[in-house]
Structure formats: C-alpha cells, structure tokens
Amino acid sequence: MKTEDSIFEIMGWTANNTTVLLLEALDETGSINKAAQQVGLQYKSAWQKLDRMNNILPFQLYTKKTGGSGGGGSSLTEEGKGLLKRLRLLKNEYSQFTQFYSDNPNEALSTLKTLRRMEMTLSARNVWLGEVIEINQGAVNSVVDIRLKGGDRVSTVITERSVNRLGLGPLREVLVIVKAPNVLLGCDIDRKSISARNILTGKITSIIAGAINEEITIDLSGGSTVTSIITSASVTRLGLAVGKTCSAIIKASDVIVATT
C-alpha cells in the first residue's frame, strides 16, 4: 500500500471518494442530475449529499439556477471550486500535500476538517456549521446562541455541564444538528406570538411527496438549507408550494450541538 493511501485510509477517505467525484462531475456538467448519473447516484441522493456539504461549510458551495430560456442548472461557487482544487490536490499528490501543509498549515488543517465533516454519517437531515456567539448561563441550563453562515441564528438549551464538557465559548466552531421531524413549518409567522426560539425563514425549493409524509426543503437567506418532514395533509392545509416563503420553527430543546 502506498504511503498516501494509508494516510487517506486513516482519514476515512479514498481516491474514489464519492464526494470528490460528485463535485468534479458537477463542475464539469453544470447539472446535479447529470453529475448524479455520471457518478452512479440517484438524483435525490446526490442532491441531499450536496445540500449536506453546503450546510456544513462556512461558505456557499454551489448556486442553483431555475428556469429561463437555457433551463436550470447548478454550478460551484468560486469558493467551491477552490475547495475542489484542494481536494484534488489531496487525492492525487501526497508529496504536494506535504509541501502544501508546510506552506499553508491553517488552510491544510481546514481542508482536513472539512473532509471529516463531509464524511460524517448521521440520521439527522439538518446539520449546519456554526459559531458560538453568546452563552447565557443559568443554574442548571444555559442558552447557547449560534450564528450560521450568512447571519442566520439558532439557539439551543443545554446543561451547564454540557457547555463545559464541549468547551463551548465565543467563536467556538460547532455543528448544529436538528432532526427533520422536529422542524415545524408555518407561513406569515409573528415572532412575538410564538414561544419557539428559532424561526428560520426562506423560500421552499423542494417538496418530495410520500404516501403520508412529505419532505420540504427551504433555502435560507444566509445560504444554508433546512429540511422538514410533515404530513401531506399539513402541506395541503398550509398551501405549501415551491417558491413560497415559509418559516421553519425549531424548539431550542430540539437543537443538538457537537464539536469537531
């Protein structure tokens, strides 16, 4: 086994890593559907994988275009192209990575952390990268305010013991995890008339219908997405449709925080 192969095996990452192949295919084709076909994934699996990556990165990974005379499509942002370039470097040339680490240790470490985040396997549909901005401590529980990329904010209530165990403090990088069934949806929400701390508003970009439940994905203004699973009856009652403005409502007690 080559030295670089053993290094990547330790990292849980191989030369045939689907994440990198999918990013390369998207950059080449400008289409998630075509990229999925090229890599051998179902469209939904590819789209969810890209969505998950986008949510755990501090920048927008790709942009989506809808409609128009030329049809829709997707393309990597400049930051996304930069990430792909670094991943290719890691995949192809370990010797170059050694030099890369020597010249840019902070950037190299950031890339390795990104790889670890992208390869995490979690049952929760919503995983976002965030930064702690404030902690209001109580006798038993503390309220931790976290800023996602683009300025969206999420609060969680956890024990003071957990705050200390995780080493949380201002500017600490964390992962925010919320299960899709715990995300409620509403339209024209008045923040003053609802007890939930977290209200994230954006436009619906996807509705995947099921026999009983439907999966709703909302693009937030900051560049992340939030996914909810609610009943088909609720979708009809709320009049939800792609393009409609909608708010995701999340109780602070349903927000899980993890450190990397």
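Placed above this text is the structure.
My aim in this report is to walk through the structure given alongside it, one point at a time. On a predicted model such as this, the values are computed, not experimentally measured, just so you know. Every chain's residues receive numbers from 1 upward, in the order its sequence appears when written. Restriction of local features to residues with pLDDT of at least 70 applies here, the model being predicted, together with a cutoff of 80 or more for giving and counting side-chain atom pairs; totals for whole chains, interfaces and linings are based on all residues. Note that water and hydrogens are dropped before the side-chain values are worked out from all heavy atoms of the structure.

Considering the overall build of the chain
Convention followed: Under the DSSP-based scheme used, a helix requires at least four consecutive residues in state H or I and a strand at least two consecutive residues in state E, with every element numbered from the N terminus. Contacts: residue pairs with any heavy atoms within 4.5 Å of one another. The accessible surface values rely on the Shrake-Rupley method and a 1.4 Å probe; as for residues, cover is taken only from the protein chains in view.
Along the backbone of the chain there are 9 helices and 12 strands. If you take every contact in the chain between residues at least 6 apart in sequence, the share linking residues at least 24 apart comes to 60%. Total accessible area computed for the chain in this model is approximately 13,500 Å², and 49% of it derives from carbon and sulfur atoms.

A word on the sheet that holds strand S9 (residues 213-220)
The cut-off we apply is this: At least two bridges found by DSSP between two strands are what make those strands a pair. Every axis corresponds to a line fitted to the C-alpha atoms, with the helix fit spanning only the stretch in contact, and the corresponding angles, defined between N-to-C directions, vary from 0 to 180 degrees.
Pairing within the open sheet is antiparallel, and its 5 strands lie in the order S7-S11-S8-S9-S10. This sheet does not close on itself; its edge strands, each paired only once, are strand S7 (184-186) and strand S10 (225-231). Taken pair by pair, the neighbouring strands of this sheet meet at an average axis angle of 45°, ignoring direction. Alignment of S9 against S10, held across 7 bridges, turns out to be antiparallel. Directly across from Ile218, in S10, lies its bridge partner Val226. The strands that helix H4 (residues 43-56) touches are strand S8 (198-208), S9 and S10; relative to S9, the one it contacts most, it runs at about 40°.

Observations regarding the pairing of strand S4 (residues 141-148)
For clarity, the cut-off: Relative accessibility thresholds used throughout: buried, under 20% of the residue-type maximum; exposed, over 50%; partly exposed, between the two (1.4 Å probe, protein chains only).
With 6 of 8 residues buried, S4 lies mostly within the body of the structure. Here strand S3 (residues 126-137) pairs with S4 via 7 bridges, running antiparallel. In the sheet register, Glu134 faces S4, and the bridge partner there is Asp145. Bridge count between S4 and strand S5 (residues 153-159): 7 bridges; the pairing is antiparallel. Across the sheet, Arg147 pairs through a bridge with Arg153, a residue of S5. Joining the antiparallel neighbours S4 and S5 is a turn of 4 residues, in which Gly150 adopts a positive phi near 85°.

Observations regarding the environment of Leu87
If you trace the backbone, Leu87 turns up in helix H5 (residues 78-92). Looking at Leu87, the relative accessible area reads 0%, which means it is buried.

A short note on the packing of aromatic side chains
Quick note on the threshold: Stacked, tilted and edge-to-face pairs are distinguished by plane angle, under 30 degrees for stacked and over 60 for edge-to-face with tilted covering the rest, among Phe, Tyr and Trp rings (Trp via its six-membered ring) whose centres lie within 6.5 Å. By definition, being over a ring means that NZ of Lys or CZ of Arg is both within 6 Å of the ring centre and within 35 degrees of the ring normal.
Considering all chains together, one arrives at 0 aromatic pairs under this definition. It is Arg125 that lies over the ring of Trp47; its NZ or CZ is 5.7 Å from the centre.

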